[in-house]
Amino acid sequence: MVKTILFDFDGTIANTLPLCFEAFRTVFKEFDQVILTNDEIKEMFGPSETEIIQLNVKHPDKLQAMERFYEVYETLHPSYVKPMEDLHNLLEELDGNGINLGIVTGKAKRSLDISLQQLNIQSNFAVVITGDDVTNPKPHGEGVILAMQELSVTPEEVLFVGDSEADILAGKEANVTTVGVHWSEEVQSADFNTKPDYYLTSIEQFNVELLS
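Keep in mind it's a predicted model, so treat the numbers as computed, not measured.

### Quick look at the pairing of strand S1 (residues 4-7)
Piece 1. Residues Thr-4 and Leu-6 of S1 are buried on one face, and the alternating residues Ile-5 and Phe-7, pointing to the opposite face, are buried as well.
Piece 2. As defined by bridge partners, S1 adjoins strand S2 (residues 100-104) across four bridges and the pair is classed as parallel. Looking at S2, one finds that Phe-7 is bridged to Ile-103.
Piece 3. The sheet contact formed by S1 and strand S4 (residues 158-162) spans four bridges and is parallel. Its bridge partner being in S4, Leu-6 is matched across the sheet by Phe-160.

Structure representation (structure tokens):
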């Protein structure tokens, strides 16, 4: 029986990837005079935004570069990220039915908090694991395992939902049921090389295939 559903964030709960791309592109253009493509930025994904800047920005003032990233992310959020109403309704329904909901994301806590507050969905989640909380980011299973420990649930009771290859690998390492989704306009992995236990292309499929 499913007691807990854990979600990735970017590309799964919200279509935030275009905003992430723009914020990173601004930082690299202003600090390193380099214009990166979306694919080049995607290749850096895994660590939190803070770590990505620490590892990849060549400009010596990395702290200022981080602040610039978060400034752009917060300022442009309302125009770039629109609520996925069907998904938010699903979260409300699941929460109301007593299913524990959680987030396991590589995002830093600071950017995740901005998104949760602007989308007004922070109250739906019983546990939140960010890139700041783990030593080993996805595709390692550490974040999923930490979330299970906080909620005192077993792998057999958990679904992990995500849009990237790293999500599926992390879920499998944690021995939970994996759900690969391509229901957002922009996703991290166009294809799953590692086959998830379930694959959904619309939010409407969720109740039909997983909870019926």
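### Examining the packing of helix H1 (residues 17-32) against helix H3 (residues 49-56)
Piece 1. For the pair H1 and H3, interaxial distance at closest approach is 12 Å and the crossing angle is 30 degrees. As far as their axial angle goes, H3 and H1 are roughly parallel. Crossing of H1 over H3 shows right-handed handedness. For the pair H1 and H3, the contacting residues are Phe-24, Phe-28 and Asp-32 in the first and Glu-49, Ile-52, Ile-53 and Asn-56 in the second.
Piece 2. When the residues that make up the contact of H1 with H3 are grouped by side-chain class, the tally is four nonpolar, one polar and two charged.

### Observations concerning H3
Piece 1. Here H3 has its buried residues at Glu-49, Thr-50, Ile-52 and Ile-53. Along the axis of H3, the buried positions cluster into a sector of 165 degrees, meaning they face one direction only.

### Section: the pattern of salt bridges
Piece 1. The tally for this structure, following the rule as stated, stands at 11 salt bridges.
Piece 2. For Lys-138, the salt bridge goes to Asp-8, with nearest N and O atoms at 3.0 Å. You can see Lys-138 sitting in the loop between strand S3 (127-129) and helix H7 (142-151) and its partner Asp-8 sitting in the loop between S1 and H1, a full 130 residues away along the chain. The burial state of Lys-138 is the same as that of Asp-8; both residues are buried.
Piece 3. Here Arg-110 ties to Glu-67 by a salt bridge, and the two come within 2.9 Å at their closest N and O atoms. Of this pair, Arg-110 sits in helix H6 (residues 109-119) while Glu-67 sits in helix H4 (residues 62-80), and the two are 43 residues apart along the sequence.
Piece 4. Taken together, the salt bridges that share partners define one network made up of Asp-8, Lys-138 and Asp-167.

### Observations concerning the environment of Lys-138
Piece 1. Judged by relative accessible area, Lys-138 falls into the buried class, the value being 14%.
Piece 2. Residue contacts for Lys-138: discarding those within four places in its chain leaves Asp-8, Gly-46, Val-104, Thr-105, Gly-106, Phe-160, Ala-166, Asp-167 and Ala-170.
Piece 3. A distance of 3.0 Å separates a polar atom in the side chain of Lys-138 from a polar atom in the side chain of Asp-8.
Piece 4. Of note is the side chain of Lys-138, whose polar atom sits 2.6 Å from the side chain of Asp-167.

### Considering the nonpolar core
Piece 1. Ranked by size, the top nonpolar core spans 51 residues in total, and within it Ile-5, Phe-7, Phe-9, Phe-125, Trp-183 and Phe-206 carry the most contacts.
Piece 2. At nine residues, the largest contribution of residues to this core is made by H1.
Piece 3. For Trp-183, the contacting residues outside a window of four places in its chain are Thr-12, Met-84, Leu-87, Val-161, Leu-200, Thr-201, Ser-202, Ile-203 and Phe-206.
Piece 4. Counting 15 residues, the second-largest nonpolar core is a separate cluster that includes Val-104, Val-134, Ala-147 and Ala-174.

### Some words on the sheet that holds strand S5 (residues 177-181)
Piece 1. Taken together, six strands build an open sheet; the order of strands is S3-S2-S1-S4-S5-S6 and the sheet is parallel. Because the sheet does not close on itself, it has two edges, and the strands there are S3 and strand S6 (198-200). The average undirected angle you get between the axes of adjacent strands in this sheet is 20 degrees.
Piece 2. Along the sheet, helix H8 (residues 165-173) contacts S4 and S5; its crossing angle with S5, the most-contacted strand, is approximately 170 degrees.

Rules behind the numbers
As a convention, each chain's residues are numbered from 1 in the sequence order in which they are written. Per-residue local features of the predicted model are confined to residues with pLDDT of at least 70, and side-chain atom pairs are confined, for both listing and counting, to 80 or more; whole-chain, interface and lining totals are unaffected and use all residues. Only hydrogens and water are set aside; all other atoms, that is, all heavy atoms of the structure, feed into the side-chain values. Whether a residue is buried, partly exposed or exposed follows from its accessible area with a 1.4 Å probe, protein chains only, as a fraction of its type maximum: under 20%, in between, or over 50%, in that order. Helix and strand definitions follow DSSP, with helices as H or I runs of at least four residues and strands as E runs of at least two, each counted in order from the N terminus. Strand pairing follows a simple DSSP-based rule, namely that at least 2 bridges must link the two strands. Axes here refer to lines fitted to C-alpha atoms; in helices the fit is confined to the stretch in contact. Angles between the N-to-C directions go from 0 to 180 degrees. Just so you know how the angles are binned, under 35 degrees is roughly parallel, over 145 roughly antiparallel, 65 to 115 roughly perpendicular, and the rest oblique. Crossing chirality is assigned from the near helix's rotation relative to the far helix, an anticlockwise turn below a right angle marking it left-handed and a clockwise turn marking it right-handed. What makes two residues a contact is simply this: any of their non-hydrogen atoms within 4.5 Å. Nonpolar residues are Ala, Val, Leu, Ile, Met, Phe, Trp, Tyr, Cys and Pro. Charged residues are Asp, Glu, Lys and Arg, and all others, Gly as well, are polar. The directions from the helix axis to the C-beta atoms are what the arc is built from. Take a side-chain nitrogen of Lys or Arg and a carboxyl oxygen of Asp or Glu: if they are within 4 Å of each other, that pair is a salt bridge. Pairs of N or O atoms are called polar contacts if they sit within 3.5 Å, as long as, within protein, a hydrogen donor faces a hydrogen acceptor (for residues adjacent in sequence, only side-chain-to-side-chain pairs). Residues grouped as a nonpolar core are buried Ala, Val, Leu, Ile, Met, Phe, Trp, Tyr and Cys residues, joined through side-chain atoms within 4.5 Å.

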